[in-house]
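Geometric and topological summary
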Amino acid sequence: MTDAQPETPGVQAQYAARVAADLETNRKEQERIGAEVAALQEQLQALENDHAVLLSMQQALGSPGPATGKTKQQPSRPQKAVPAPRTSNSNSRPARPTRSKKAVATKDKPTPNSPKVEAKAQTQTQTSSSPKAGPTLVELIDDHLVQQNEPRSAAEITTALAQALPDRTVKTTVVRTTVEGLVAKGRVQRTKQGSSVFYTSATPTEQSAAPQPETSSAN
């Protein structure tokens, strides 16, 4: 048997360089995928917060929930022919009169003086006489950012709204979700400085939007 010859130092150096390059590539790929996962988790959290806010707004407005899906129409089955009853002179019975659909609907329809109609009318009267709700969080955030000359973070917006409306509970998570919704609609601009996110209004202020008066030079 022949003894295995040891590898030359040049081949070992090539293997070591290749392993080091593969490790560096693996590390960079892990960092890239980790950053993408963190961004996706942030987007998922924002969507979940939007879903919670929309559900609360839907419950406050009293609107019905979204349809879960279109009901699949079942194929119509052919009806079997029913044989005619046999008639006999000795055991014949008179047929029972059937009530028409119109008579059933008239019977089930509540009369104008029924308790159901009176309760419904009272509910509509109370709803029409109830005071109008205050401005929504979207309107408050939009108005606040329009008045600002510098970008503001979600925490700063929350602090400003809490000071302006002490009787109203304002949470940073809800403010961040709402202002992200305004970013999606193009009403607010989103900038990132390091790990912090700042927001500015995309609507020009009245002073900047107002035309400047032309100054005429004296002849």
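Look above for the structure.
Read on for an overview of the structure. (Residues numbered from 1 in each chain as written. Predicted model: local features only at pLDDT ≥ 70, side-chain atom pairs only at ≥ 80, totals over all residues. Heavy atoms only, no water.)

1. A look at the side chain of T200
Worth spelling out the cut-off: Runs of H or I in DSSP of at least four residues are treated as helices and runs of E of at least two as strands, each being numbered from the N terminus. For the exposure calls, accessible area comes from a 1.4 Å probe over protein chains only, and a residue counts as buried if that area is under 20% of its type's maximum, exposed if over 50%, partly exposed in between. By definition in these notes, contact holds between two residues if any of their heavy atoms fall within 4.5 Å.
In this structure, T200 sits in strand β2 (residues 196-201). For T200, a relative accessible area of 18% corresponds to the buried category. With near-sequence residues (within four places) excluded, T200 lies in contact with E150, P151, V188 and Q189.

2. Examining the pattern of salt bridges
We count it as follows: The term salt bridge refers to a side-chain nitrogen of Lys or Arg lying within 4 Å of a carboxyl oxygen of Asp or Glu.
What the rule picks out here adds up to eight salt bridges. Across the pair R152 and E150 runs a salt bridge whose closest N-O atoms are separated by 3.8 Å. R152 gets classed as partly exposed once you look at its relative accessible area, which sits at 21%. For the salt bridge of E180 with R190, the shortest nitrogen-to-oxygen distance reads 2.8 Å. Taken as a pair, E180 in helix α6 (residues 172-184) and R190 in strand β1 (residues 188-193) lie far apart in primary sequence, ten residues in all. Using a relative accessible area of 22% as the deciding quantity, one classes E180 as partly exposed. With relative accessibility at 36%, the residue R190 sits in the partly exposed group. Taken together, the shared-partner salt bridges connect E24, R27 and E31 into one network.

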